[in-house]
Amino acid sequence: MKTRLNCPCGEYIRGADEDELVRETRRHLAAHHPDHDYTREEILFIAY
Ligand SMILES: [Zn+2]
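Read on for a plain summary of the structure. (Residues numbered from 1 in each chain as written. Predicted model: local features only at pLDDT ≥ 70, side-chain atom pairs only at ≥ 80, totals over all residues. Heavy atoms only, no water.)

**Some points on the nonpolar core**
- Leu5, Cys7, Ile13, Leu21, Val22, Ile43, Leu44 and Ala47 form the largest nonpolar core, which has 8 residues in total.
- Within the residue set of this core, elements represented by two or more residues are helix 1 (18-32) and helix 2 (40-46).
- If we skip the residues at most four places from it in the chain, valine 22 touches Arg40, Ile43 and Leu44. (Core = buried A, V, L, I, M, F, W, Y, C linked by side-chain atoms within 4.5 Å. Buried < 20%, exposed > 50% of the residue type's maximum accessible area, 1.4 Å probe, protein only. Helix = DSSP H or I, 4+ residues; strand = E, 2+ residues; numbered from the N terminus. Contact = heavy atoms within 4.5 Å.)

Now the structure itself:
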């Protein structure tokens, strides 16, 4: 299960599970990259 993600901007995001990681990543994107909208699959593709 993937629970961590390094955003290209340098932000380190992690969640207890994939659902939380996707939620947290979307929250970060909305706050810092409002012009980027990624699907769950795209988020998990760059997660590890
Ligand atoms: Zn970022």
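**Looking at the coordination of the zinc ion**
- Surrounding the zinc ion are the protein donor atoms Cys7 (SG), Cys9 (SG), His28 (NE2) and His33 (NE2), at 2.0 to 2.3 Å.
- Because the angles between the 4 donor atoms bound to the zinc ion fall within 103 to 113°, the donor set is best described as tetrahedral.
- Classification of cysteine 7 by relative accessible area gives buried; the value is 10%. (Donors = N, O, S within 2.8 Å, 3.2 Å for Na, K, Ca; no water. Tetrahedral: all angles 85-135°; square planar, octahedral: opposite > 155°, others 65-115°.)

In short, geometric facts, not functional conclusions.
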